[in-house]
Amino acid sequence: MPEYHPSNIETKWQKIWEKTGLFQGTVGKTVENKLYLLFAFAYPSGSGLHVGHVESKTALDILARYNRMRGRQVFFPVGWDAFGLPAENYAVRTGVHPAETTRKAIDTFRRQIKRLGISYDWKSEVATSHPEYYKWTQWIFLKLFEKGMAYKKPGMVNWCPSCQTVLANEQVVDGVCERCGTEVVQKSLEQWYFKITDYKDELITDLEQVDWPKATEEQQLNWIGKSEGANVQFVLVADGKSIGNLEVYTTAHDTIFGCTFMVIAPEHGLVEKILSGVVKVPEKTKKEVKRYVEYVAGKTELERQTQKKKTGVMVDGVVVINPVNGEKLPIYVADYVLAGYGAGAIMAVPGHDERDFEFASEHGLKVVFTAKSKSGNGDIDFISYGQIKQSRQDFVVINSGEFDGMDYVEGRKAILDRLKREERGEEKTQYKLRDWLISRQRYWGAPIPIVYDKEGKVHPVKEEHLPWRLPTDVEFKPTGESPLHGSAELKDRVEKLYGVGWSPEYDTMDTFVDSSWYFLRYPTKTLESTKQEAQNSKQAPNSKLEITNGKESLPFDPELTRAWLPVDFYMIGPEHIVLHLLYARFLTKFLRDCGYLQFDEPFTAMRHQGMILGPDHKKMSKSKGNVIDPDEVIEKFGADTLRVYEMFMGPIEADKPWAARSVVGVYRFLSRIYTLANEAIEQNKSENRNSKFEKGDGGRTDQKLLVALHKTIQAVSEDIPKLKFNTAIARMMEFVNLWGGKNTKVLSIGDADLGLFVKVLAPFAPFMSEELWQNLKSNKQKTENNG
Ligand code: ANZ
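Computed from a predicted model, the values in this text were never measured in an experiment. (Residues numbered from 1 in each chain as written. Predicted model: local features only at pLDDT ≥ 70, side-chain atom pairs only at ≥ 80, totals over all residues. Heavy atoms only, no water.)

Caption draft 1: Quick look at the site of the ligand. Among the 19 residues in the neighbourhood of the ligand, the closest are listed as Ser227, Thr250, Leu338, Tyr341 and Lys432. Thr250 places a side-chain nitrogen or oxygen 2.8 Å from an oxygen atom of the ligand. One of the side-chain N or O atoms of Arg355 is found 3.4 Å from an oxygen atom in the ligand. Protein coverage of the free-state accessible area of the ligand, which is 650 Å², stands at 89%. For the shell around the ligand, the secondary-structure elements that each account for two or more residues are β11 (241-250) and β15 (345-348). Per-class residue counts for the shell around the ligand are 10 nonpolar, 6 polar and 3 charged. (Near = heavy atom within 4 Å. Polar contact = N/O pair within 3.5 Å; in protein donor to acceptor, adjacent residues only side chain to side chain. Areas by Shrake-Rupley, 256 points an atom, 1.4 Å probe, with all protein chains shown as cover. Helix = DSSP H or I, 4+ residues; strand = E, 2+ residues; numbered from the N terminus. Nonpolar A, V, L, I, M, F, W, Y, C, P; charged D, E, K, R; others polar.)

Structure below.
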């Protein structure tokens, strides 16, 4: 009886699958019942595949194999999010070129993934750092530029003094750089932006079209941050005279009688007027304001939003008048009010806003409540506006003149009506979403395809010059300037192509640009690879490689795109969901409006995998020494065991700790199947039964086992589409226990029924299933020959 030696079996089948090109070149132009499965492509880090990758890749691979078996046309592509900071930081430390590090890392990942038996269509393989890919990232930039959707403007950016680069907000964690821990500062730079805000409303409403986890949709909405409120005008008074209006944005105009002071951001226009002397204030105040503005300049926006202590200074000599009750209110400059949102000024209502309450407590300011709970005991206490908003009908307006006694539904409307009538306020909808800052002062990214003439005027690089290559003659020393500044080749290139005195754009693009359209490229890449191979083998020497729509070259074939997109199912870690999804959705909508795509949303259904924790129940990290290396597990137990174990750990969306003992348990389970199956095959052969394998032969199977088998088939078939892989495996384990548990008699099973069980197992443990299937087939041949 053959013993279970996974590595022999697995490497054998891996080679055969590869040689026969199984799973390759799977996209055709006419499709029926297609299923486009997408795994969020990985950053090829030097440390190779981790067990978390194994989890999500296996889960999708099960879906791919299962659906192929059910006759669906499955497209399951693979690629690399290959540009990015880590390779560049490594180059800075070691001098090894990022292209070199990235190539090596991709080789490692490719080897590991193949060893795992993931049934990718390798003809689709893309890497964002390859010129043939970033050519099209640049093409998309040019399309955006052409439509006025890519533009340049100076902006305050988060700057990491150590990495010498601009950071996106989410790369700043607690005020420090996410990568190196250095404190982030603010800096003004000319930057490129994409006008994602043009799509803000559609990015909200189109969420109705997708089947995503609710929490993920929520996060999209929060980031877009639509808020409905009002702009209100307060009269500004200096020296007893009106000097104009001060506008605030509020979502709680119904609390306006409770406004006891006004706060403006340090960047507000009025601050400038005070410092330049246009608005006169006492010299001492001016100095205090100046000092405060300087103090704030070092803080990031995030810090300003999250700090506990609310700092600020009073502007002596200027006041505002509350339009509803004529009260004179002091003005403060404080950094908890941000310049970029609303009017950069707020009416502070410490009775109902936590931030204002903290500020009022720090500075000894008056608190007025304008709301009382209907069910309350009469005592007036702090009620947060969040509570009021949740059930306006349960709160009564108080301390608000003629509006007293109304509930907050009625009061909100009546107060707005009065502000509108007196031309002191109007409804206003605000969004938190800002345009997408895409320029990076880094090397390892797609160069922005822009050149400047002698006057510094912006010109797009001509399409015929794409790919606008990333030069290689640069130094990896952080200088504060974009590394491309150091390239003589780039300067020469620009002068040769565009004229003497012209200069290149030195920034590269945010890697989020690369990853926001890769799923559009996959089907076409597969087609191109197939054509390329035919050409190489001289089968079709004249086949044209270029994809066009008759008018222009395109990154994605129109017919193929119509046939295969959108993506039917996207599996992605919960840590990437906010920005990546938002940007991919934005570019999809933009390309649709250009006429290249026919759908609104790129990812029809989506789910998230949980995290695999270390044996100590903590997040795996090198520094904690709790990292499990998938290569080691495969070496010891085989890829099938690793796959089945990770799927058995628990619900796919949950975080789960690694348990070495259970790995052994899964290995025993698979060994048991291997032994039982081969024994059955042997038995069926020796008894010289004419096995009707594949033709349905229930007769030779123990009746009890037969019933269990069909129950198992049903349960597993139902569990897989629901991603309930752990329960599916549990059902298979129950079946195997009945078939031949440790202390029970082995029940007989005919070849045909064994074949059915092997099929059920195949998506989970494809190598062993293939081996058993082969044994069954040769059994059939032998018995047929004998008979
Ligand atoms: C008075 C008030 C009273 C407010 C109250 C809230 C509660 P969302 O919903 O997130 O849009 N605000 C306006 N502009 C701001 C800025 N530039 N920086 C910081 N805060 C700003 O938040 C809207 C509320 O945030 C606005 O409504 C304003 O405070 C504040 F009981 O006005 B509110």
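Picking up after the structure, the text goes on.
Caption draft 2: Focus on the sheet that holds strand β21 (residues 450-452). A sheet is described by the order of its strands in space; here 3 strands give the open sequence β22-β21-β23, paired in antiparallel fashion. Edge positions in the sheet fall to β22 (458-460) and β23 (503-504), since each has one partner strand and no second. (Pairing = 2+ DSSP bridges.)

Caption draft 3: Molecular detail of the pairing of strand β12 (residues 261-264). Along β12, one buried face is formed by Phe261 and Val263 and the opposite face, lined by Met262 and Ile264, is buried too. The pairing of β12 with β15 spans 4 bridges and is classified as antiparallel. Bridge pairing links Met262 to Met347 in β15. Relative to strand β14 (residues 328-333), β12 runs parallel, the two being bridged by 3 bridges. From the neighbouring strand, Val263 faces β14, where its bridge partner is Tyr332. (Buried < 20%, exposed > 50% of the residue type's maximum accessible area, 1.4 Å probe, protein only.)

Caption draft 4: Focus on the packing of aromatic side chains. Under the definition given, this model contains 47 aromatic pairs. Between the aromatic rings of Phe41 and Tyr518, the centroid separation amounts to 3.7 Å while the plane-to-plane angle is 10 degrees, which identifies the pairing as stacked. Of this pair, Phe41 sits in the loop between β1 (34-39) and α2 (51-69) while Tyr518 is found in helix α16 (residues 518-536), placing the two residues 477 residues apart along the sequence. For the pair Phe41 and Tyr518, one class covers both residues: buried. For the ring pair Phe725 and Phe764, a centre distance of 6.3 Å and an interplane angle of 75 degrees mean the geometry is edge-to-face. (Phe/Tyr/Trp six-rings, centres within 6.5 Å; stacked < 30°, edge-to-face > 60°.)

Caption draft 5: Up close: the domain arrangement of the chain. The domain architecture assigned to the chain consists of domain 1 (33-146 + 513-628), domain 2 (150-195 + 437-507), domain 3 (227-430) and domain 4 (631-786). Centre-to-centre separation of domain 1 and domain 3, based on C-alpha positions: 48 Å. (Domains from an automatic or database assignment.)

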